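The chain contents come next:
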Amino acid sequence: MPQWSVYTGASAPHDGIDGLPAPPPWRTFDGGPVLPPPAEDADTAAVSPDRLHRAHTYRPTPESVDLVNAALYLRRPLLVTGPPGTGKSSLAYAVARELRLGPVLRWNVTSRSTLADGLYRYDPLSRLYAARGERRPTAEGVADVADHLRLGPLGTALLPHERPRALLVDEIDKGDLDLPNDLLNVLEEGQYEIPELLRAGTEARVRADGTDATVPVAAGRVRCRAFPFVVLTSNGEREFPPAFLRRCVRLRLRRPGRDQLAAIVDAHLGETDGYAEELIGRFLRRADAGELATDQLLNALYLTGAAGLDTASREELAQQLMPGLGARPDDGG
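Treat the numbers as computed from the prediction; the structure is a model and nothing was measured. Positions within a chain are numbered from 1, following the residues in the order the chain's sequence is written. Under the rules for a predicted model, residues below a pLDDT of 70 receive no local features and side-chain atom pairs below 80 are neither given nor counted, while totals for whole chains, interfaces and linings still include all residues. Side-chain numbers here rest on the full set of heavy atoms in the structure, without hydrogens or water.

K.L.:
When you look at the side chain of Thr86 in this model, what are you seeing that I'm missing?
P.N.:
Secondary structure is summarised from DSSP: a helix means a run of H or I of at least four residues, a strand means a run of E of at least two, and numbering begins at the N terminus for each. Mapped onto the secondary structure, Thr86 falls in the loop between strand E1 (78-81) and helix H3 (88-98). Any N or O atom pair separated by 3.5 Å or less is treated as a polar contact, with the protein-specific requirement of one donor-capable and one acceptor-capable atom, and with residues adjacent in sequence counted only for side-chain atom pairs. Among the polar contacts listed, one links the side chain of Thr86 to the backbone oxygen of Pro83, at a separation of 2.7 Å. Should any heavy atoms of two residues lie within 4.5 Å, those residues are counted as being in contact. Once residues lying within four places of it in the same chain are set aside, the contact partners of Thr86 are Leu253, Arg254 and Arg255.

Written out as structure tokens, the structure reads:
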């Protein structure tokens with residue numbers, strides 16, 4: 001492992017993020033007031049068991065480790081592309097767990113997603129209904145607005161945290177055509193404004209994503225201090241603007257080879273028997289043609305093993321779970 005690595009990929013949590021060198025002068029941020037790390041880290045009940053399992057069992061390649069560290073050092077987003085089932089989103093959970101960055105802030109992008117969805121959500125209707133429910137008139141003020149405003153995952157990641165938070169922007173290529181450039185501007189500046197609070201010009205306390213706790217926002221402006229570890233995932237369904245690509249560290253994940261796949265299976269399911277080894281070999285031949293994903297193999301290995309079936313029944317069930325797995329003339333078996 002290179003000596004400069006903060007993230008090692010070895011899975012065991014540590015405080016190596018505290019040894020991260022100062023950022024480049026052009027990526028220095030000075031937001032405040034400084035917020036302490038989350039009270040609970042990624043090994044606590046704050047994280048769902050499935051995501052914790054993904055963090056425990058992720059097995060990165062040497063290239064992944066190098067480029068994660070490059071993104072951390074440069075304070076740049078990491079754009080991760082690759083076929084489905086190659087562990088693009090799991091990478092964010094693995095890094096957050098090892099470096100104790102707290103629960104991952106996740107933004108699942110859809111065709112309707114806009115930048116505002118990731119930054120914050122303001123509900124004027126709930127504010128109106130609340131005002132109507134008051135027995136006496138209330139003065140309109142910043143505290144009243146803040147009660148009906150909640151930061152999104154991107155907005156929470158850009159708060160002035162003492163240590164970087166981990167943000168997963170999943171399947172960014174599904175978003176609106178303008179989303180990459182809109183997102184680029186916010187990540188480049190490390191800040192954003194909340195117009196509903198900006199007009200008041202005073203400090204307000206706003207709920208952050210993933211918690212009911214409130215955080216201070218001064219005069220409607222949010223600026224980060226420790227730039228978050230941002231993972232943007234893409235299935236390669238479309239091209240991104242050149243300016244966006246230039247400002248990202250780019251990682252291309254490929255389908256795992258036999259050794260890496262064996263390590264993945266071992267991490268998830270433990271030792272495998274002879275039938276499972278043969279199934280892995282056939283899976284690799286099909287996966288190279290882009291027909292299957294790793295999660296399909298894990299499902300098949302788990303179910304055919306847990307069911308206690310004989311070999312013939314396991315074969316039939318495996319082919320139902322992974323269509324096209326049967327031997328072909330060019331497979332040699």
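K.L.:
How should the side chain of Thr81 be read in this particular structure?
P.N.:
Mapped onto the secondary structure, Thr81 falls in strand E1. Residue classification places Thr81 among the buried positions, given a relative accessible area of 17%. In this view, Thr81 contacts Lys88, Ser234, Leu251, Arg252 and Leu253; residues no more than four positions away in its chain are not counted. Between buried and exposed lies partly exposed: a residue is buried under 20% and exposed over 50% of the maximum accessible area for its type, with that area taken using a 1.4 Å probe on protein chains only.

K.L.:
Could you clarify how one ought to interpret the pattern of salt bridges in this entry?
P.N.:
One side chain can pair with another of opposite charge once the charged atoms of both are near each other. We define a salt bridge as a side-chain nitrogen of Lys or Arg found within 4 Å of a carboxyl oxygen belonging to Asp or Glu. With the rule as written, the count across this model stands at 13 salt bridges. Note that Arg163 and Asp18 form a salt bridge whose closest N and O atoms lie 3.3 Å from each other. With Arg163 in the loop between helix H7 (153-157) and strand E5 (166-170) and Asp18 in the segment before helix H1 (49-57), the pair connects residues that are 145 residues apart, well separated along the chain. Here Arg27 ties to Glu188 by a salt bridge, and the two come within 3.9 Å at their closest N and O atoms.

K.L.:
What is the right way to read the nonpolar core from this model?
P.N.:
The criterion is simple. A nonpolar core is a set of buried Ala, Val, Leu, Ile, Met, Phe, Trp, Tyr and Cys residues joined through side-chain atoms within 4.5 Å. With 42 residues, the main nonpolar core has Leu151, Leu154, Ile194, Leu197 and Phe244 as its most contacted residues. The element that contributes the greatest number of residues to this core is helix H8 (residues 179-189), accounting for 5 residues. Core analysis: the next-biggest nonpolar cluster, separate from the first, contains 30 residues, Val65, Ala92, Leu101 and Val231 among them.

K.L.:
Got a minute to help me understand the sheet that holds strand E11 (residues 249-252) in this structure?
P.N.:
Hydrogen bonds along the backbone pair up the strands of a sheet, which may run parallel or antiparallel. Being paired, for any two strands, means DSSP has found at least two bridges between them. Spatially, E2-E5-E10-E1-E11 is the arrangement adopted by the 5 strands of the open sheet, whose pairing is parallel. The two strands at the open ends of the sheet, each matched to only one other strand, are strand E2 (105-108) and E11. Between one strand axis and the next, the sheet turns through 20 degrees on average, direction left out of account. Bridge count between E1 and E11: 4 bridges; the pairing is parallel. Residue Val80 lies in a different strand from E11, and its bridge partner there is Leu251. All axes here are fitted lines through C-alpha atoms, helices being fitted over the stretch that makes contact, and every angle between N-to-C directions spans 0 to 180 degrees. Helix H2 (residues 62-74) contacts E1, strand E10 (229-234) and E11 of the sheet and is inclined by roughly 165 degrees relative to E11. Of the strands in this sheet, E1, E2, E5, E10 and E11 touch H3, which is tilted by about 165 degrees from E10.

K.L.:
Any chance you could explain the pairing of E5 here in plain terms?
P.N.:
If a strand is regular, its side chains alternate between the two faces of the sheet. Taking burial as the measure, the 5 residues of E5 include 5 buried ones, the bulk of the element. Here E5 shows no split at all, with Ala166, Leu168 and Asp170 on one side and Leu167 and Val169 on the other all buried. As judged from the 4 bridges shared by E2 and E5, these two strands associate in the parallel manner. Of the residues in E5, the one forming a bridge with Arg106 is Leu168. Where E5 and E10 come together, 4 bridges link them in parallel fashion. Among the inter-strand pairings, Leu168 is bridged to a residue of E10, identified as Val231.

Remember, this is a structural readout, not a statement about activity or role.
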